Amino acid sequence: MILTGNINKSLADLRLDDAVSKLFDNVSKSEIRRIIDLGGCTVNKVMTRVASKPLQEGDEVTIGLMEKERFIDVKYEKTDLLYEDNNFLALCKAPGINSQRTPYQLKGTVEYAVGMYLKQLGVKEPVRVVHRLDRGTSGVMFFPKNKQAATYISASLKNGEVTKTYFAIVLNVPQKTEWQVDKPIGKLNKFRYGVTNPGRKAITNFKTISSSENGALIQVTPITGRTHQIRVHLAHSGYPIVGDRIYGGAEASRMMLHCYSMSFIDNSGKQIKAIAPPDQLFIDTCSKLNLELTF
């Protein structure tokens, strides 16, 4: 829930936490301080994490209320990385973690954790999120460490020069071993995307790599990179991903979509590649459905 209010004369010159607790008196002061610390508070549309910041009459304050159980602290050390050089780093995002800041939080996102890691290295560059994984999706994410690298990989992504391989678990067994979906995707509402015309061009290749009477394990190669592309194209094909409730998938403790690998050629001609084996829950789900996961 997002709450927005304006500071009146009686609240002017108060500390941020004091003023907000009076402005939104149904939210406890301790909760307000937690929200500020997480990065879920903006003053005049600018995030602030300083509870003692004095406010002025007319300031617009917005806070995002997020359930405490949704917050998962995220930290990365060098040993957690899948790949690192002077220009790029890659890591494995866990399911249930946001790739980048939201109106509710900065802390507890991959973006924030990467920023803290770069600060430890003495890198003063801002964190640049050049591609995202949905909150429920796990797997490889790349981050550039400088502006030049960000420009390069952003262009590579836009031009389809970054190869990505995903695994997805579905319950409906595909009739074909391999197929392609070339259908435009557009936004249907705040939470859902769908195959729609007009929409943005979207192409995804699919291959069944294991199947049983219980379901199938699909290897996915997206050619383009639209929001929810894999989820929408699989649901459109009649094979919603297990755990993807938005698009009709069966109930599960997580969405069974994992980015296994990403690779591209850097500007020196060197191949950059990162591989993230699926987590134990993904592996266990394959086992329960009698699906063979080989990588």
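Our structure is the block above this text.
Residue numbers restart at each chain and count upward from 1, following the sequence in its written direction. Side-chain atom pairs in this predicted model are given and counted only at pLDDT of 80 or more, local residue features only at pLDDT of at least 70, and totals for whole chains, interfaces and linings cover all residues. Side-chain descriptors were evaluated using all non-hydrogen atoms of the structure, hydrogens and water having been removed beforehand.

1. A short note on the overall build of the protein chain
Consideration 1: Segments assigned H or I by DSSP are reported as helices when at least four residues long, segments assigned E as strands when at least two residues long, and all are numbered from the N terminus. Assigned secondary structure in the protein chain consists of six helices and 15 strands.
Consideration 2: Each principal axis of the C-alpha distribution contributes one length, and for the protein chain these read about 70 × 45 × 40 Å.
Consideration 3: We call a residue buried when its accessible area falls under 20% of the maximum for its residue type, exposed when it is over 50%, and partly exposed in between, using a 1.4 Å probe and counting protein chains only. Here the protein chain holds 295 residues, and the buried ones make up 47% of them.
Consideration 4: Just so you have it, the protein chain exposes about 15100 Å², and 47% of that area is on carbon and sulfur atoms.
Consideration 5: Looking at charge distribution, the protein chain has the averaged site of its 40 positive side-chain charges lying 4 Å from that of its 29 negative ones. Accessible areas in this description were obtained via Shrake-Rupley with a 1.4 Å probe; residue shielding takes into account the shown protein chains only. When charges are counted, Lys and Arg are positive and Asp and Glu negative, with His and the chain ends excluded. In plain terms, the charge of a residue is placed at NZ if it is Lys, CZ if Arg, CG if Asp and CD if Glu.

2. Describing unusual backbone geometry
Consideration 1: Cis geometry marks the peptide bond from N197 to P198, where omega comes out at 10 degrees.
Consideration 2: In this fold, P198 is placed in the loop between β11 (193-195) and β12 (203-211).
Consideration 3: Even without glycine at this site, N44 takes up a positive phi of about 55 degrees.
Consideration 4: Positive phi, normally seen in glycine, also occurs at K45, with a value near 70 degrees.
Consideration 5: Structurally, K45 is set in the loop between β2 (41-43) and β3 (46-47).

3. Examining the pairing of strand β14 (residues 257-265)
Consideration 1: Among the nine residues of β14, eight are classified as buried, and the element is accordingly described as predominantly covered.
Consideration 2: By this definition, two strands are paired if DSSP reports at least two bridges between them. With two bridges connecting them, strand β7 (residues 138-144) and β14 associate as parallel partners. Counterpart to S138 in the pairing with β14 is H258.
Consideration 3: Note that strand β8 (residues 163-170) and β14 share six bridges and pair antiparallel. If you follow F167 over to β14, its bridge partner there is H258.

4. Observations concerning the sheet that holds β2
Consideration 1: Judged by pairing direction, the sheet is antiparallel, and its four strands sit side by side in the order β1-β4-β2-β3 without closing on themselves. A single partner strand is all that each edge strand has here, and the edge strands are β1 (2-6) and β3.
Consideration 2: Any two residues whose heavy atoms approach within 4.5 Å are treated as being in contact. Inter-axis angles, ranging from 0 to 180 degrees, are taken between N-to-C directions of lines fitted to C-alpha atoms, where helices are fitted over the stretch in contact. Along the sheet, helix α1 (residues 16-23) makes contact with β1, β2 and β4 (60-64), crossing β4 at roughly 80 degrees.

5. Remarks on the nonpolar core
Consideration 1: As used here, the term nonpolar core means buried Ala, Val, Leu, Ile, Met, Phe, Trp, Tyr and Cys residues forming a set that is joined through side-chain atoms within 4.5 Å. With 54 residues, the main nonpolar core has L91, F142, I169 and L234 as its most contacted residues.
Consideration 2: If sequence neighbours within four positions are ignored, L91 has contacts with Y76, L81, L82, V110, V114, G139, V140, M141 and F143.
Consideration 3: Formed by 16 residues, the second largest nonpolar core is a distinct cluster that contains L16, I35, I36 and I63.

6. Thoughts on helix α4 (residues 147-158)
Consideration 1: To estimate how far a helix should extend, the number of its residues minus one is multiplied by 1.5 Å. In this model α4 runs 16 Å from its N-terminal to its C-terminal C-alpha over 12 residues, within 8% of the 16 Å that 1.5 Å per residue would give.
Consideration 2: Taking the backbone nitrogen of Q148 as reference, a side-chain oxygen 3.3 Å away marks N146 as the first, capping residue of α4. Two N or O atoms count as a polar contact when they lie within 3.5 Å, although within protein this holds only if one can serve as hydrogen donor and the other as acceptor, and sequence-adjacent residues are included solely when both atoms are side-chain atoms.

7. What about the side chain of K145?
Consideration 1: Structurally, the position occupied by K145 is in the loop between β7 and α4.
Consideration 2: Since its relative accessible area comes to 11%, K145 is described here as buried.
Consideration 3: Here the side chain of K145 touches E84 through a polar contact of 2.9 Å, side chain to side chain.
Consideration 4: Residues contacting K145, with those up to four places away along its chain left out, are E84, D85, N86, N87, F88, L89, L118, L121, V123 and E125.

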